[in-house]
Amino acid sequence: MPKNKLQKFAEFEMFPNTRTHPMGMKGHWNTHFFTTDKPITLELACGRGEYSLAMGRMFPDRHFIGIDKKGARLWVGAKTAFEQGLENVGFVRTHIEFVDTYFKRDEVSEIWLPFPDPQPGASKANKRLSSPRFLKGYERILQTNGKVHLKTDSDLLYEYTLETLEDYGCKLLKNMPDLYSQSVNDPLLTVQTTYEKRHLAKDRVIKYVCWQFE
Ligand SMILES: C[S@@+](CC[C@H](N)C(=O)[O-])C[C@H]1O[C@@H](n2cnc3c(N)ncnc32)[C@H](O)[C@@H]1O
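These notes cover the structure that comes with them. (Residues numbered from 1 in each chain as written. Predicted model: local features only at pLDDT ≥ 70, side-chain atom pairs only at ≥ 80, totals over all residues. Heavy atoms only, no water.)

The subject of this paragraph is the site of the ligand. Every one of the 17 residues lining the ligand counts as a neighbour, but Ala45, Asp68, Arg73, Pro114 and Thr193 are closest to it. Within the side chain of Thr193, an N or O atom sits 2.7 Å from an oxygen atom of the ligand. One can see that the ligand is located within the largest pocket. Residue composition of the shell around the ligand, grouped by class: 6 nonpolar, 5 polar and 6 charged. (Near = heavy atom within 4 Å. Polar contact = N/O pair within 3.5 Å; in protein donor to acceptor, adjacent residues only side chain to side chain. 1 Å grid on protein atoms, 1.4 Å probe; cavity = no way out; pocket = protein on both sides within 12 Å on 5 of 7 lines; lining within 4 Å. Sits in = over half its atoms within 2 Å of the grid points. Nonpolar A, V, L, I, M, F, W, Y, C, P; charged D, E, K, R; others polar.)

Take a look at the structure:
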């Protein structure tokens, strides 16, 4: 019988590679959660955590933490990492609004934002994960020259992100308005999440943007 959401929530809490609203962890992820000192990459709005899992397999010398507010989705990533012995991958259930209360300054080396909700409508602009209030949090926890990567199918979110990055004074490192219109050599860019597969099935154009804070 398939597990329901409540069963998944309960199981999520029991996995050794998970935390929920992780108070007291700021500055301690490499000692109290992982057991070695390695660069930490965050996958924000990770859903089922496909990026964290793929990067965890590709880069055993780095740590990956997927963050989302939905426990039933995170359960898929946490279960997969646990069953596959991916000890460098963990999952956190919380709100991304508070990311800089959970990680200290310079504790994070890279951030991925795969297919965050576009939040259409001007009144929802400050909920977009590339809005200035979120950028402030990312800037605080990222090491100097740490990169942020965004993939989206949404024209609105893509255009909004480019404008916001310019206003904020970020350094744009890559801007690919149609990722798959050219051959993509970087295997990281071709990891496909649940939402990306859905968008591709509907022939939607995938955009990719990468930036740094200056
Ligand atoms: C469109 S889904 C994308 C999921 C996944 N990245 C993928 O590509 O399949 C957006 C995800 O963002 C999460 N999310 C949205 N706002 C959030 C917030 N403020 N804090 C934590 N998670 C959030 C949702 O729970 C959802 O899983």
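Text resumes after the structure shown.
Attention shifts here to the nonpolar core. Counting residues in each nonpolar core, the largest one holds 33 residues, and the members touching the most others are Leu42, Phe103, Ile111, Tyr138 and Trp211. Dropping the residues within four chain positions of it, Trp211 is found in contact with Leu113, Leu135, Gly146, Lys147, Val148, Leu150, Thr161, Leu165, Cys170, Lys171, Leu172 and Leu173. Counting residues in hydrophobic clusters, the runner-up holds 25 residues, among them Cys46, Phe64, Phe115 and Cys210. (Core = buried A, V, L, I, M, F, W, Y, C linked by side-chain atoms within 4.5 Å. Buried < 20%, exposed > 50% of the residue type's maximum accessible area, 1.4 Å probe, protein only. Contact = heavy atoms within 4.5 Å.)

By volume, the largest pocket is sized at about 510 Å³. Forming the walls of the largest pocket are 25 residues, and the residues nearest its centre are Ala45, Asp68, Lys69, Asp117 and Leu129. Its residues assigned to classes, the lining of the largest pocket comprises 9 nonpolar, 6 polar and 10 charged. What lines the second largest pocket is a set of 15 residues, among which Phe34, Leu86, Glu87, Asn88 and Val89 lie closest to the centre. Here the residues of the lining of the second largest pocket sort into 7 nonpolar, 6 polar and 2 charged. (Points joined across faces, edges and corners; volume = space filled by probe spheres on them.)

Let's shift gears to unusual backbone geometry. Its identity as a non-glycine residue notwithstanding, Phe115 has a phi of 55°, on the positive side. With respect to the element layout, Phe115 can be found in the loop between strand 5 (108-114) and helix 6 (132-141). You can call Phe115 buried: its relative accessible area is 9%. The phi dihedral of Gln119 is positive, around 50°, even though this residue is not glycine. When you line up the elements, Gln119 lands in the loop between strand 5 and helix 6. You can call Gln119 buried: its relative accessible area is 18%. (Helix = DSSP H or I, 4+ residues; strand = E, 2+ residues; numbered from the N terminus.)

What follows concerns helix 6. Residues of helix 6 that are buried include every one of Phe134, Leu135, Gly137, Tyr138 and Ile141, and no others. Looking straight down helix 6, one finds its buried side chains confined to an arc of 160°; they lie on one side. (Arc of directions from axis to C-beta.)

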